Amino acid sequence: NAGVMQNPRHLVRRRGQEARLRCSPMKGHSHVYWYRQLPEEGLKFMVYLQKENIIDESGMPKERFSAEFPKEGPSILRIQQVVRGDSAAYFCASSPPTGNHSPLHFGNGTRLTVT
Amino acid sequence: AQSVSQHNHHVILSEAASLELGCNYSYGGTVNLFWYVQYPGQHLQLLLKYFSGDPLVKGIKGFEAEFIKSKFSFNLRKPSVQWSDTAEYFCAVTPGDTGFQKLVFGTGTRLLVSP
């Protein structure tokens, strides 16, 4: 039973480029969450999605960031026109659709470096 | 806003030493509390959780944590650490009425156990 799969593990982008981070949840999980860990900080909630729906995006920066979880395929976190301050580790987590008391299962993260 | 404080950023212990990692949170209502561990190169894994009942919680790999409501604390303990416990440990909290998804994390404690 594969865990939460994130790719790529490492991503390098120059300022102004776009970054696309992918997350495939665990089998049977339909809820996906994205968290960001800036250097020397704890993980911070960004967005919570279910298939084709954004449930809570209160942690998403207002500009340049978007997330989707289509009916088919992985969840995508998209960062347009990246800046150096976007350099961070981005973690995806998933949980099953059995109410809101299921602990999250995390992926290995994608480390984004903006040069 | 809720916050989580982990007092020690780096801890170095010898094998067989006892471990206690501090965690304090700021939130006035009922809470769900978690400890996650991230071994080098791996994803975040749930060590243990508390959401109700006995405030002394047993987790995997011999870890336990005690919820002390009056002190807003949820310290992690292990009586005798092993080299394989070298990892980063994160304390996290969610409000009791919102489920386990929107975690607020501390900044983490890096534990190094020397053989």
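Refer to the structure above for everything that follows.
To keep things clear, this report deals only with the structure shown in the data block. (Residues numbered from 1 in each chain as written. Chains lettered and ligands numbered in written order. Predicted model: local features only at pLDDT ≥ 70, side-chain atom pairs only at ≥ 80, totals over all residues. Heavy atoms only, no water.)

1. Regarding the state of the cysteines
Two cysteines joined by a covalent bond between their sulfur atoms form a disulfide. All names here are of chain B. Inspection of every chain in the model, using the stated rule, returns two disulfides over all chains. Each disulfide pairs two cysteine sulfurs, and for C23 the partner residue is C91, the sulfurs being separated by 1.9 Å. Taking the torsion about the sulfur-sulfur bond, which here is approximately -65 degrees, the covalent link between C23 and C91 counts as left-handed. Of this pair, C23 sits in the loop between strand 3 (19–21) and strand 4 (24–26) while C91 sits in strand 10 (residues 87–95), and the two are 68 residues apart along the sequence. Judged by relative accessible area, C23 falls into the buried class, the value being 1%. Given the relative accessible area of 1%, C91 is considered buried. (Disulfide = S-S within 2.5 Å. Helix = DSSP H or I, 4+ residues; strand = E, 2+ residues; numbered from the N terminus. Buried < 20%, exposed > 50% of the residue type's maximum accessible area, 1.4 Å probe, protein only.)

2. Quick notes on the packing of aromatic side chains
Scanning the entire structure with this criterion turns up 13 aromatic pairs over all chains. When the ring of Y35 of chain A is compared with that of F105 of chain B, the centres are 5.7 Å apart and the planes differ by 90 degrees; the resulting orientation is edge-to-face. Pair noted here: Y35 of chain A is in strand 4 (residues 31–37) and F105 of chain B is in strand 11 (residues 104–105), and the two residues belong to different chains. Comparing Y35 of chain A with F105 of chain B shows no difference in burial state: the two are buried. Relative to F105 of chain B, the ring of F90 of chain B has its centre 6.3 Å away and its plane inclined at 85 degrees; by these criteria the two rings are edge-to-face. Here the residue F90 of chain B occupies a position in strand 10, and F105 of chain B occupies one in strand 11, the gap between them amounting to 15 residues. Residue F90 of chain B is classed as buried on the basis of its relative accessible area, which comes to 0%. Note on F105 of chain B: relative accessible area 7%, which makes it buried. (Phe/Tyr/Trp six-rings, centres within 6.5 Å; stacked < 30°, edge-to-face > 60°.)

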